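What follows is the residue order along each chain.
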Amino acid sequence: MRAKKFFLHRPGSLEEAIALKKQYGDAAAFHAGGTELLVALKAHVLRYEHVIDLKQIDELKGVRLRSDGTIAIGSLTTHDKIANDPIVRESLPGYAELSEHVANIRVRIAGTLGGVLCFAEPHADAPTMLCALDAWLVLAGPDGQREVMSRDFHLGEFATARQEDEILASIDIAPQSSGTRSAYRAFGHTERPAVGVAAVWSIDNPQRLSLWAGAISARPTRLGRAEQVAAGLSPDLCADEIWNHLRLAVAEDAEDIDAHDDLHGGADYKRHLVSVLAERALKACLP
Ligand SMILES: Cc1cc2nc3c(=O)[nH]c(=O)nc-3n(C[C@H](O)[C@H](O)[C@H](O)COP(=O)(O)OP(=O)(O)OC[C@H]3O[C@@H](n4cnc5c(N)ncnc54)[C@H](O)[C@@H]3O)c2cc1C
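S.K.: Which residues make up the packing of aromatic side chains, and what are the values?
M.R.: Taken as a whole, this structure holds 1 aromatic pair when the rule is applied. On the basis of an interplanar angle of 80° and a centroid distance of 5.4 Å, the ring pair of F119 and F158 is categorised as edge-to-face. With F119 in helix α7 (residues 113-119) and F158 in the loop between β8 (154-156) and β9 (159-160), the pair connects residues that are 39 residues apart, well separated along the chain. Under the relative-accessibility criterion, F158 is labelled partly exposed at 49%. Between K21 and the ring centre of F30, over which it is positioned, the NZ or CZ distance is 6.0 Å.

Here it is, written out as structure tokens:
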């Protein structure tokens with residue numbers, strides 16, 4: 001099927017894009033790489049008379065370091081660019097590795113980080129890792145800019161905290177200490193992950209684990225019991241000993257996840273995968 005005809009707008013600045021959205025309202029959608037939007041337009045699942053292409057807006061592209069060391073990933077940065085970016089590879093190797101494995105090369109070179117976050121199809125990788133990294137999102141709208149924590153941005157299936165007239169401008173991550181390591185492990189037998197687990201382990205004082213499961217439910221879920229157990233562990237334990245202490249808490253956290261049987265697998269099978277992937281992600285963070 002072909003998409004119904006639409007007017008294509010190519011603004012050169014954020015202000016221009018926001019003004020266009022104000023002018024055309026619900027009849028207009030923002031467009032980044034188009035890997036989700038164009039498919040939906042062609043299938044006539046969505047219909048917009050105006051498409052506002054954000055690709056001419058340079059300030060939305062690339063990865064930069066802010067003056068305080070914050071890593072700011074422009075929303076129009078593609079998964080492939082993130083995977084190969086020197087700042088991400090140096091400071092967030094676990095996230096670079098995740099980006100290398102998103103979808104297939106055609107999706108990675110066109111699909112953007114902003115697109116996957118705003119579309120909010122739950123079977124995605126980056127949202128889980130960004131929650132574990134305590135990332136925050138910078139949204140630009142008619143009333144200026146505001147920041148939302150990644151964990152508060154995802155409200156459910158195809159639902160986010162972004163207002164219709166807001167553009168996701170950047171995804172920001174605080175500089176990581178030398179004692180912090182992160183890893184992500186996922187499994188799926190379709191093109192998208194059935195379950196993914198992200199771990200961020202910090203041996204700084206206090207010792208801290210941030211552990212999140214995603215894709216299995218409508219929004220990423222914190223594995224809070226496991227995080228609490230990890231905080232009380234002796235820093236001298238080896239990886240196997242740490243996992244032995246966490247195993248039960250992770251399984252209990254997984255039991256609480258609002259998972260459903262679907263084409264990605266049965267709910268119980270996916271909860272079991274959470275434990276398998278949590279062990280792998282955690283051990284990948286430990287020396
Ligand atoms: C075959 C296939 C396999 C995939 N497999 C995986 C996978 O394994 N793991 C994974 O994580 N993801 C996967 N994806 C999802 C992929 O990551 C997304 O399709 C891609 O990142 C979306 O980005 P885009 O730039 O193409 O978004 P678009 O299609 O351009 O936009 C998607 C939506 O977001 C809105 N939007 C986009 N950018 C902005 C912005 N800056 N501000 C406000 N709104 C915006 C658009 O209006 C639209 O509603 C897969 C997708 C496909 C098609």
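S.K.: Just give me the short version of the site of the ligand, but keep the residues and values in it.
M.R.: Taken together, the neighbourhood of the ligand is formed by 30 residues, with F30, G33, T35, T112 and D125 sitting nearest. G33 is positioned with one of its backbone polar atoms (N or O) 2.6 Å from an oxygen atom of the ligand. Between the ligand and G34 there is a distance of 2.8 Å, counted from an oxygen atom to a backbone nitrogen or oxygen. Protein contact buries 93% of the 980 Å² of open area that the ligand shows by itself. Counting only elements with at least two residues in the shell around the ligand, the list comes to β2 (28-31), α7 and β10 (167-173). With 5 residues, α7 is the largest single contributor of residues to the shell around the ligand. Among the residues making up the shell around the ligand, the classes are represented as 14 nonpolar, 10 polar and 6 charged.

S.K.: Please provide a residue-by-residue account of the sheet that holds strand β12 (residues 195-202), values included.
M.R.: Sheet strands line up and pair through hydrogen bonds in the backbone, either parallel or antiparallel. One open sheet accounts for 4 strands, arranged β11-β12-β13-β14; its pairing is antiparallel. The open sheet is flanked by β11 (180-187) and β14 (221-222), the only strands paired with a single partner. Along the sheet, helix α10 (residues 224-231) makes contact with β12, β13 (208-214) and β14, crossing β13 at roughly 165°.

S.K.: Could you give me a rundown of the sheet that holds strand β6 (residues 136-141), with the residues and numbers involved?
M.R.: What the 5 strands build is an open sheet, ordered β4-β5-β10-β6-β7; its pairing is antiparallel. Looking at the sheet topology across the chains shown, the edges are occupied by β4 (63-65) and β7 (144-149). Sheet twist, expressed as the average angle between the axes of neighbouring strands with direction ignored, equals 25°. With 5 bridges joining them, β6 and β10 adopt antiparallel strand pairing. Note on β10: the bridge partner recorded for V138 is S170.

S.K.: Would you mind going over the packing of helix α11 (residues 239-255) against helix α12 (residues 267-285) in detail, with residue names and values included?
M.R.: Viewed as axis vectors pointing N to C, α11 and α12 meet at an angle of 150°, and their least axial separation amounts to 9 Å. Judged on the interaxial angle alone, α12 and α11 are roughly antiparallel. In the packing of α11 onto α12, the handedness of the crossing is right-handed. The residues of α12 that touch α11, namely those facing A239, D240, I242, W243, L246, V250, A251, A254 and E255, are R271, V274, S275, A278, E279, L282 and K283.

S.K.: Could you give me a rundown of the side chain of D172, with the residues and numbers involved?
M.R.: Mapped onto the secondary structure, D172 falls in strand β10. Look at D172 and you get buried, because its relative accessible area is 2%. A polar side-chain atom of D172 sits 2.8 Å from a polar atom in the side chain of S170. Filtering out sequence-adjacent residues up to four positions away, D172 remains in contact with R66, T70, I71, A72, I73, A135, W136 and V138.

S.K.: Kindly report on the pattern of salt bridges, identifying the contributing residues and their values.
M.R.: Scanning the model with the defined rule gives 19 salt bridges in all. The shortest N-O distance in the salt bridge between E36 and R192 comes to 2.9 Å. Highlighted residues: E36 in the loop between β2 and α2 (37-42) and R192 in the loop between β11 and β12, separated in sequence by 156 residues. Here D262 and K270 are joined by a salt bridge, their closest N and O atoms 3.0 Å apart.

S.K.: Tell me about unusual backbone geometry, and please be specific about residues and values.
M.R.: In most cases, non-glycine residues show a negative phi, while peptide bonds are predominantly trans. The backbone phi angle of F158 is positive, close to 55°, even though this residue is not glycine. Even without being a glycine, A215 presents a positive backbone phi close to 75°. Positionally, A215 belongs in the loop between β13 and β14. Residue classification places A215 among the buried positions, given a relative accessible area of 4%.

Parameters and conventions
Residues numbered from 1 in each chain as written. Predicted model: local features only at pLDDT ≥ 70, side-chain atom pairs only at ≥ 80, totals over all residues. Heavy atoms only, no water. Phe/Tyr/Trp six-rings, centres within 6.5 Å; stacked < 30°, edge-to-face > 60°. Helix = DSSP H or I, 4+ residues; strand = E, 2+ residues; numbered from the N terminus. Buried < 20%, exposed > 50% of the residue type's maximum accessible area, 1.4 Å probe, protein only. Lys NZ or Arg CZ within 6 Å of the ring centre and 35° of its normal. Near = heavy atom within 4 Å. Polar contact = N/O pair within 3.5 Å; in protein donor to acceptor, adjacent residues only side chain to side chain. Areas by Shrake-Rupley, 256 points an atom, 1.4 Å probe, with all protein chains shown as cover. Nonpolar A, V, L, I, M, F, W, Y, C, P; charged D, E, K, R; others polar. Pairing = 2+ DSSP bridges. Contact = heavy atoms within 4.5 Å. Axes fitted to C-alpha atoms, helices over the stretch in contact; angles between N-to-C directions. Parallel < 35°, antiparallel > 145°, perpendicular 65-115°, else oblique. Left-handed = near helix turned anticlockwise from the far one by under 90°. Salt bridge = Lys/Arg side-chain N within 4 Å of Asp/Glu carboxyl O.

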